[in-house]
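So the chains spell out like this:
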Amino acid sequence: MNSIKNYIENNKDRFLNELVDLLKIPSVSADSAFEKEVHATAEMVKAQLEKAGCNTVEICQTDGYPIVYGEKIIDADLPTILVYGHYDVQPADPIELWTSPPFEPVIKTTDKHPEGAIFARGACDDKGQMYMHVKALEFMTATNQLPCNVKFMIEGEEEVGSVNLGVFVKNNQEKLKNDVILISDTGMIANDIPSITTGLRGLSYVEVEVTGPNRDLHSGLYGGAVANPINVLTKMIASLQDDNNHINIPGFYDGVEELSREERDEMAKAPFSLENYKKALDIDDVYGEKGYTTNERNSIRPTLDVNGIWGGYTGEGAKTVIASKAYAKISMRLVPNQDWETITELFKTHFESIAPAGVTVKVTPHHGGQGYVTPTTSVGYQAASMAYNDTFGKKPIPQRSGGSIPIVALFEEELKSKTILMGFGLDSDAIHSPNEHFGVFNYLKGIETIPLFYKYFTELSK
Ligand code: BES
Ligand code: MN
Ligand code: MN
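So, here is what we can say about the structure in this document. The model shown is predicted, which means the values in this text are computed figures rather than measured ones.

Relative to strand S13 (residues 325–334), strand S9 (residues 202–211) runs antiparallel, the two sharing 10 bridges. Bridge pairing in S13 links Glu 207 to Lys 329. The sheet contact formed by strand S11 (residues 303–311) and S13 spans 8 bridges and is antiparallel. Bridging from a neighbouring strand, Thr 303 pairs with Arg 333 of S13.

This is how it looks when you write it as C-alpha cells:
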C-alpha cells in the first residue's frame, strides 16, 4: 500500500500522544465510581472516529454504558468490514504494585519491548489495540486508499460481560450488516513470530456462598461440633478436580471435542519454550490436566479456577472465630460445543448436591459466553495472513487462545459473519495485571498491517 510506512513515520508522535490522552481517562466499567469517566471516554472515541474520516458517528445509549458506532460507506457494492473493540478497562488495583500510576501513561523499555512500551491500564486491552484501527482508517481516508466500506462498533462493557451489546446486536442487524468482523483484542506469539488467533474459550462465571451457623462463633466453644463454612467450602472446591486435574462435575465434558493426533501435532509446531514460560512466571513447574501439553491446557481444554475466596477473620493478629459464611468466585473456561448456560446449570446442581448437612449453599451465576473457532480457509483469514506476511515478512501461525470475548460467538449467530482476530499484544503485556503495557512496535505494526487486510479482503472478495 502506498506510503503507509512513511505516513506512520511522519505521524508516529501524534499517534502515540493521542493514545496517551485516551489512556489517561480511567474508564473502569466494573466500578460505578468511574461512571463519568467511562462516558467521557466514549465521547473521545466518537470525536476521534469523526476526525479519522467516518461519515457518521453516534453514541448509542444502552441500559448500561453506550456503544460508539461509526461508519464510512463508500459504495454499497463493495464489501463491508465491521470493526469491534472496547473502550472500557479492567480495574487498576492493586495500585501499589504499579511502577508508575495506571492512568498516567509513560513509555518504558522492557526485555520484550526494547524499543519501548506504553505503560497504562488499557494500553493493550483494549484501548491501544482498538485505536490502531482508528489510525489505520485515518491513513486510508487521508491518502484516498480506503478500498471498501467500514463500520466501527466500540463498546464500554466488554470487561463486565457485554450484556447490553448482545441486545444492541440483536436489535440492529441491518445497521451492523457486514462481510467480516475484525477485532484486535487478543495477542500474538512474539514480535518476530506473528500469529492470528483462530479460537477463543467460552466462559461460565459463578459466585458461591456457604452458610453455616447463624452468627460467627467462638472457635473454642463450638469448634469441632458445627460445620465451619470455610473448611467445608475449601473441601467442596478441592473435590471439583481429581488427582489428574480432571474436572469432576458430571456432564462437564459432554460434547467437548477431542482434537485428532494430527491437529495436536500441528499445534505443537508453534514455537514454545517451557523453560522460558516457567522462568517468566517464577515457577519451578507447570501444573494441569494430565495428558495435555501446556499450550493445550490453556487453549483447547476447559478449566475451573477459583478467582477469589473469602470469609472469616483476615485482619491483623489472630481472632478465634468460626465464620457464619464463606464465599468464592469461580470461573470455568469452556471450549466450543460446551454451552455456557448448560455448564452453569451442571455446576449449580453438582455444587449444591455435594454440600454436607450442616450448611446451606447458594450458587449465583454471573455472566458467560460461548467459545469460538474460526477456520483458516475463510477469505478473511487468508486476507489477514497475506497482510501479516507483507508487514512481518513471514506467514503468521494460526493459534487458539485461552481468553474469552463472549460476544464473538453471538456475532456469528446473529450477523452470520466470521470474525478475524488480529491481535498484536503479547502474553507478557500484563493485561488485567499491574503494569499493563503495549509495545510501541506492536502499536505501529498494527496500524501498518490493518490497511493491508482491507486491501486483500476487498481483492479476494471480488
Ligand atoms: N481482550 C480480552 C480477552 C483476550 C485476551 C482473549 C488475550 C485472548 C487473548 C478481554 O478483554 C477479556 O479480558 N475477556 C475476559 C472475559 C470477559 C467476559 C470479562 C476474559 O477473558 O477473562
Ligand atoms: Mn479486551
Ligand atoms: Mn480484558
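For the rest of this paragraph, the subject is the site of ligand 1. Neighbouring ligand 1 are 16 residues, the closest being Glu 158, Asp 185, Arg 333, Ser 404 and His 432. Here His 86 contributes a side-chain N or O atom positioned 3.3 Å from an oxygen atom of ligand 1. Within the side chain of Asp 125, one N or O atom sits 3.0 Å away from an oxygen atom of ligand 1. Against a free-state accessible area of 520 Å², the protein chains account for coverage of 88% of ligand 1. Residue classes in the shell around ligand 1 are distributed as 4 nonpolar, 7 polar and 5 charged. Shared between two domains, the shell around ligand 1 takes at least three residues from each, and those domains are domain 1 (4–200 + 371–460) and domain 2 (202–256 + 302–369).

A separate point is the sheet that holds strand S14 (residues 360–369). Ordered by their spatial adjacency, 4 strands build an open sheet running S11-S13-S9-S14, and the pairing between neighbours is antiparallel. Strands with a single pairing partner mark the edges of an open sheet, and in this sheet they are S11 and S14. Looking at each pair of strands side by side, their axes are set apart by 15 degrees on average, direction ignored. Alignment of S9 against S14, held across 8 bridges, turns out to be antiparallel. Bridged to Leu 203 within S14 is Gly 369. Helix H5 (residues 229–238) contacts S9, S11, S13 and S14 of the sheet and is inclined by roughly 15 degrees relative to S13. Where helix H9 (residues 340–353) meets the sheet, it contacts S9, S11, S13 and S14, and its direction lies at approximately 170 degrees from that of S14.

By size, the foremost hydrophobic cluster in this structure holds 62 residues, and its most contacted members are Ile 81, Tyr 87, Phe 152, Met 422, Tyr 443, Phe 453 and Tyr 454. If you list the elements that add at least two residues to this core, you get helix H1 (4–23), helix H2 (35–52), strand S3 (80–86), helix H3 (127–142), strand S6 (149–155), strand S7 (180–183), helix H10 (379–392) and helix H12 (440–461). Of the residues forming this core, the biggest block, 10 residues, is contributed by H12. Sequence-distant contacts of Tyr 454, defined by excluding residues within four places in its chain, comprise Ile 81, Val 83, Met 140, Leu 146, Pro 147, Cys 148, Val 150 and Leu 182. Val 210, Leu 304, Val 361 and Val 363 belong to the second-largest nonpolar core, a separate cluster that totals 26 residues.

In this section: the pattern of salt bridges. According to the stated counting rule, one finds 22 salt bridges in the structure shown. Among the salt bridges present, the one from Lys 135 reaches Glu 18, with a minimum N-O distance of 2.6 Å. You can see Lys 135 sitting in helix H3 and its partner Glu 18 sitting in helix H1, a full 117 residues away along the chain. Lys 135 sits in the buried class, given a relative accessible area of 2%. Through salt bridges with shared partners, a single network forms among Arg 14, Glu 18, Lys 135 and Glu 138.

What counts as what
Residues numbered from 1 in each chain as written. Chains lettered and ligands numbered in written order. Predicted model: local features only at pLDDT ≥ 70, side-chain atom pairs only at ≥ 80, totals over all residues. Heavy atoms only, no water. Pairing = 2+ DSSP bridges. Helix = DSSP H or I, 4+ residues; strand = E, 2+ residues; numbered from the N terminus. Near = heavy atom within 4 Å. Polar contact = N/O pair within 3.5 Å; in protein donor to acceptor, adjacent residues only side chain to side chain. Areas by Shrake-Rupley, 256 points an atom, 1.4 Å probe, with all protein chains shown as cover. Nonpolar A, V, L, I, M, F, W, Y, C, P; charged D, E, K, R; others polar. Domains from an automatic or database assignment. Axes fitted to C-alpha atoms, helices over the stretch in contact; angles between N-to-C directions. Contact = heavy atoms within 4.5 Å. Core = buried A, V, L, I, M, F, W, Y, C linked by side-chain atoms within 4.5 Å. Buried < 20%, exposed > 50% of the residue type's maximum accessible area, 1.4 Å probe, protein only. Salt bridge = Lys/Arg side-chain N within 4 Å of Asp/Glu carboxyl O.

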